[in-house]
Amino acid sequence: MKNMLVTGGCGFIGSNFIRILLSESDFTGRIINLDKLTYAGNLENLDGVSDQFKDRYVFVKGDICDSETVSELFKSYGVDTICHFAAESHVDRSIVQPDAFIRTNINGTFNLLEYARLNGVELFHHISTDEVYGSLGETGLFTETTPYSPNSPYSASKAASDLLVRAYFKTYGIPVTISNCSNNYGPYQFPEKLIPLMILNGFERKALPVYGRGVNIRDWLYVRDHCIAIWKIMKHGKRGETYNIGGDCEIRNIDVVEMICNLLDEICPGKTPARELITFVKDRPGHDMRYAVDSQKLQRELKWRPEETFESGLAKTVQWYLDHTEWVNRIKSGAYTQWISDHYGGI
Ligand SMILES: NC(=O)c1ccc[n+]([C@@H]2O[C@H](COP(=O)([O-])OP(=O)(O)OC[C@H]3O[C@@H](n4cnc5c(N)ncnc54)[C@H](O)[C@@H]3O)[C@@H](O)[C@H]2O)c1
């Protein structure tokens, strides 16, 4: 793994992964970060990385669906490994406008697989979600053999991409690994997802909107633990296999929001307790009731364990958002476009 194409490296998980890989892991090669910079991609998430790792990091603005761009990258950089994060990733957006999800998540993955097939790669690692398995009742866990049963355009498009990756292994023998992870949280997450939305609304004493009665259950994993798991799978995972990644941490949405409220009351108390801001809103259509991931295979075979507890990870996350108000303000005000222009002369 000398020249790794990381797609979607300016997003939440991809940017954390690049930072960890370059500064803390045993990876010694070069990363080529291909990102279209959609609303969710932010160059500032990797601020300082190109200066610190001049010879080992390249950013290319481009679309994974664009054949010429991907072909050029293989030629120019001798790509031998792909770590594929790029996706449209927000369920609510997929309900309103599914077309971008079909294009990027399915066609984009297909395009990358084609170039992997034509050029040969050492590894194609595909990042996916536990949402492909659908929704659980009160008991049970998703394992790697749970049948796919996606319920939103987002999860359906991710399921389709997983199956394409699997088929390229079976049909063409491309060395692949797939990981299906539960809900992530941590630094650099775009403030449309539950945890950063609640933290930032809480800072501003705005309403904290919770779907339905907040009883839907998710399994939470700190983003750094996810990134470490991905690297372990890339290095030691069996080719052609899927690994589930989860935090063993099932919590109801309302409990997550109340924990955030308690932290806000400690760190930046307002005149009234933050939980008074909680507002129940009309439920999302097709809202999955419960996700819970069995990551025994990864724990057993690759000796991975999450390091962060939800309490410690959440406290770090609240503090990170408090310490990065300029980042937040730029993202929320659209001033980010100006920031790119100032720092990179416009892209
Ligand atoms: N966030 C989670 O909780 C979670 C959990 C499990 C799996 N995942 C998966 O992990 C991956 C990354 O998720 P995330 O939360 O970091 O997403 P994100 O929305 O924060 O980032 C996605 C990145 O992909 C880029 N992108 C989108 N379309 C592109 C295209 N056509 N070409 C090139 N780049 C494009 C965006 O600019 C952005 O930088 C996704 O595949 C997602 O399905 C996410």
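Note that this is a predicted model, so its numbers are computed, not measured. (Residues numbered from 1 in each chain as written. Predicted model: local features only at pLDDT ≥ 70, side-chain atom pairs only at ≥ 80, totals over all residues. Heavy atoms only, no water.)

Turning our attention to the site of the ligand. Around the ligand lies a shell of 28 residues, among which I13, D35, S89, Y154 and K158 are the nearest. Between K36 and the ligand, the recorded distance is 3.1 Å, taken from a backbone N or O atom to a nitrogen atom. A distance of 3.0 Å separates a nitrogen atom of the ligand from a polar backbone atom of I64. Coverage of the ligand by the protein chains reaches 96% of its 840 Å² of free accessible surface. For the shell around the ligand, the secondary-structure elements that each account for two or more residues are α1 (12-24), β5 (123-129), α6 (153-172) and β7 (183-185). No other element matches the three residues that β5 contributes to the shell around the ligand. A breakdown of the residues in the shell around the ligand according to their chemical character gives 12 nonpolar, 12 polar and four charged. (Near = heavy atom within 4 Å. Polar contact = N/O pair within 3.5 Å; in protein donor to acceptor, adjacent residues only side chain to side chain. Areas by Shrake-Rupley, 256 points an atom, 1.4 Å probe, with all protein chains shown as cover. Helix = DSSP H or I, 4+ residues; strand = E, 2+ residues; numbered from the N terminus. Nonpolar A, V, L, I, M, F, W, Y, C, P; charged D, E, K, R; others polar.)

What follows concerns helix α12 (residues 325-333). Where α12 is concerned, the buried positions are W327, V328, R330 and I331. Taken down its axis, α12 places every buried residue within 165 degrees of arc, on the same side. For α12, the exposed residues lying more than 90 degrees away from the buried face are E326 and S333. (Buried < 20%, exposed > 50% of the residue type's maximum accessible area, 1.4 Å probe, protein only. Arc of directions from axis to C-beta.)

A few words on the sheet that holds β7. An order of β7-β9-β11 is seen for the three strands of this open sheet, with the pairing classed as mixed. At either end of the open sheet lies a strand with only one pairing partner, and these are β7 and β11 (250-252). The mean inter-strand angle of the sheet, taken between neighbouring strand axes irrespective of direction, is 50 degrees. Set on the sheet, helix α9 (residues 253-267) makes contact with β9 (217-222) and β11; between it and β11 the angle comes to about 85 degrees. (Pairing = 2+ DSSP bridges. Axes fitted to C-alpha atoms, helices over the stretch in contact; angles between N-to-C directions. Contact = heavy atoms within 4.5 Å.)

Covered by surrounding structure in strand β8 (residues 208-211) are L208 and V210 only, the residues P209 and Y211 on the alternate face being uncovered. Relative to strand β12 (residues 278-281), β8 is paired through four bridges, and the arrangement is parallel. Among the inter-strand pairings, L208 is bridged to a residue of β12, identified as I278.

Moving on, we come to the packing of helix α7 (residues 194-203) against α9. At their nearest, the axes of α7 and α9 sit 10 Å apart, and the two run at 40 degrees to each other. When the axes of α7 and α9 are compared, the crossing they make is right-handed. Where α7 approaches α9, its residues L194, I195, M198, I199, G202 and F203 are matched on the opposing element by N253, V256, V257, I260 and L264. Split by residue class, the contact of α7 with α9 holds nine nonpolar, two polar and no charged. (Left-handed = near helix turned anticlockwise from the far one by under 90°.)

This part covers the pattern of salt bridges. Under the criterion given, the structure shown has 15 salt bridges. A salt bridge links D26 to K235, with the nearest nitrogen and oxygen atoms 2.9 Å apart. In this pair, D26 sits in the loop between α1 and β2 (30-35) while K235 sits in helix α8 (residues 223-236), placing the two residues 209 residues apart along the sequence. A relative accessible area of 49% places D26 in the partly exposed class. When the shortest N-O distance is used, the salt bridge between E114 and R117 registers 2.9 Å. Here E114 and its partner R117 are both found in helix α5 (residues 99-119), three residues apart, which amounts to about one turn of the helix. Its relative accessible area of 32% is what places R117 among the partly exposed residues. In the salt-bridge network here, residues are joined through shared partners; they are K36, D63 and R103. (Salt bridge = Lys/Arg side-chain N within 4 Å of Asp/Glu carboxyl O.)

For V318, the position within the fold is in helix α11 (residues 310-323). Sequence spacing of V318 and I195 is 123 residues, and the spatial spacing of their C-alpha atoms is 8.9 Å. Not counting residues up to four positions away in its chain, the partners in contact with V318 are I199, F203, L263, L264 and I267.

Turning to helix α3 (residues 67-77), a few remarks are in order. Owing to its 3.6 residues per turn, the α-helix aligns residues three or four sequence positions apart on the same side. Along α3, the residues that are buried comprise T69, V70, S71, L73 and F74. Those residues of α3 that are buried are in contact with β1 (3-7), β2, β3 (57-61), β4 (81-84) and α5. Phi turns positive one or two residues past the end of α3, at G78, with a value near 60 degrees.

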